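# A look at the structure
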Amino acid sequence: MTDRNDDLFSAARTVIPGGVNSPVRAYGSVGGTPRFLASAAGATVTDAAGNEYVDLVASWGPALLGHAQPEVVAAVQEAATRGLSFGAPTEGEVELAQLIADRVRFGETRPIERVRLVSTGTEATMTAIRLARGATGRDLLVKFAGHYHGHSDGLLAAAGSGVATLALPGSAGVPAPIAAQTLVIDYNNPGALEAVFAEHGPRIAAVIVEAAAANMGVVPPLPGFNRLLAETAHAHGALLILDEVLTGFRVHPAGFWGLQAAAGEDYLPDIFTFGKVVGGGMPLAALGGRAEVMDLLAPLGPVYQAGTLSGNPLSVAAGLATLRLATPEVYATVDAAAARVSGALDAALADAGVTHAVAHAGNLFSASFRASAPRDYAEAQAQESFRYAPFFHAMREQGVALPPSVFEAWFLTAAHGEEELQRIAAALPIAAEAAARAQA
């Protein structure tokens, strides 16, 4: 007997490639039928068959405050009454850009002087790379194996997220000359960084890095590594692009850069990219940096970028409401909930005798089925990933929704209260036993 999710997936596969509009949603690495979600509220989601789950996906990060937060929903509804899209500047765009620039600061250090709003994280990183090339007059880009910066040409070589989940080395459809402009090196490896600049330094426009890797599971930068990236790039006349599409405004009011600055790690990226939380769950992303770089964008400069829906008023309204509500108390709540769940995850797997490590980057975390936390993509891949599928399905059977891939971060929200945390804690030992019984 099938339920509504099975019926929808069958119908979807007749009209949508793979039945989904983003690959990881197809459950390719865990098997089974994807849950087609009908609604969400607070810390829970409900699928098309009426099953409710405590959610640890949070729309892959944007739901910092919880799903359908009433004030955010009201802001979007009010904006919709004034029009869905104008293709012209609005006051809200100015307010959001100012808010982004004001939040990304530590003491007197304010690395963002200009902000450009776009619609997706892929657009933000694509534009940042074009901007870096325009600023330096150079072509080559350095990225790290396992880091995911969207699906634009040249960025899918050794990428993480869905590419890691599907075990693909890259993507068809990307011409070899374009792929050749990207130099892929090992993450958290100072020697590899030194070597690539020694060989190609005069031709490197930028280094792009996730502020903390979270698309091959959570793999934080080693102490001082992000600072080394900035110092090395700047010493060779290149720029540092810090990709905070996932971490920005989720792990700290000023993103992962702010979290590191508060811990004493002093470095200055040239361009930041943001997404997810910055749009409050609506399609919106941004890039920002110092004026001398950002003002190279059209219409002031020669680097062209445009978008009919850039700065969409509904997305801007959601982003403004979310960031204004994201107070220090919200971050403290999310941090505490994440610490509690990650601790329970660690304990459950240990009690079941499952070899594992739990890695953290602020309130983001994930488990890998290996003895030590991965430091790079090769180590992230070298784990007993076959244990995740039974773990995932056991959690779902207990009413907890996890990311459908071992190569993803877990997300808590400010709406996860005592009831939801207890439900998660009760489910974890059952899932850990399922992981322990798994066979390759």
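Right, let's walk through the structure included here. (Residues numbered from 1 in each chain as written. Predicted model: local features only at pLDDT ≥ 70, side-chain atom pairs only at ≥ 80, totals over all residues. Heavy atoms only, no water.)

Glancing now at the sheet that holds strand β10 (residues 285-289). Strand order in the open sheet made by the 7 strands is β4-β10-β9-β8-β7-β5-β6, with mixed pairing throughout. Every other strand in the sheet has two partners, leaving β4 (114-118) and β6 (182-185) as the edge strands with one partner each. Taking the axes of each pair of neighbouring strands and ignoring which way they run, one obtains an average angle of 20 degrees across the sheet. Pairing of strand β7 (residues 204-210) with strand β8 (residues 239-244), which is carried by 5 bridges, proceeds in the parallel orientation. Residue Val-207 lies in a different strand from β8, and its bridge partner there is Leu-240. (Pairing = 2+ DSSP bridges. Helix = DSSP H or I, 4+ residues; strand = E, 2+ residues; numbered from the N terminus. Axes fitted to C-alpha atoms, helices over the stretch in contact; angles between N-to-C directions.)

Taking 1.5 Å of rise per residue, 20 residues should cover 28 Å, and helix α15 (residues 418-437) covers 30 Å from first to last C-alpha, within 8% of that figure. A maximum bend of about 30 degrees is found in α15 at Leu-428, where proline Pro-429 lies one to four positions downstream. Along α15, the residues that are buried comprise Glu-420, Leu-421, Ile-424, Ala-427, Leu-428, Ala-431, Ala-432, Ala-434 and Ala-435. Where the residues of α15 are buried, they touch β3 (52-55), α12 (328-351), α14 (388-397) and β13 (400-401). (Expected span 1.5 Å × (residues − 1). Bend = angle between axes of the 7 residues up to and from the residue. Buried < 20%, exposed > 50% of the residue type's maximum accessible area, 1.4 Å probe, protein only. Contact = heavy atoms within 4.5 Å.)

Applying the stated rule across the entire model yields 14 salt bridges. Close ionic contact of Glu-418 with Arg-340 constitutes a salt bridge, the shortest N to O distance being 2.7 Å. One end of the pair, Glu-418, is in helix α15; the other, Arg-340, is in helix α12, and 78 residues separate them in sequence. (Salt bridge = Lys/Arg side-chain N within 4 Å of Asp/Glu carboxyl O.)

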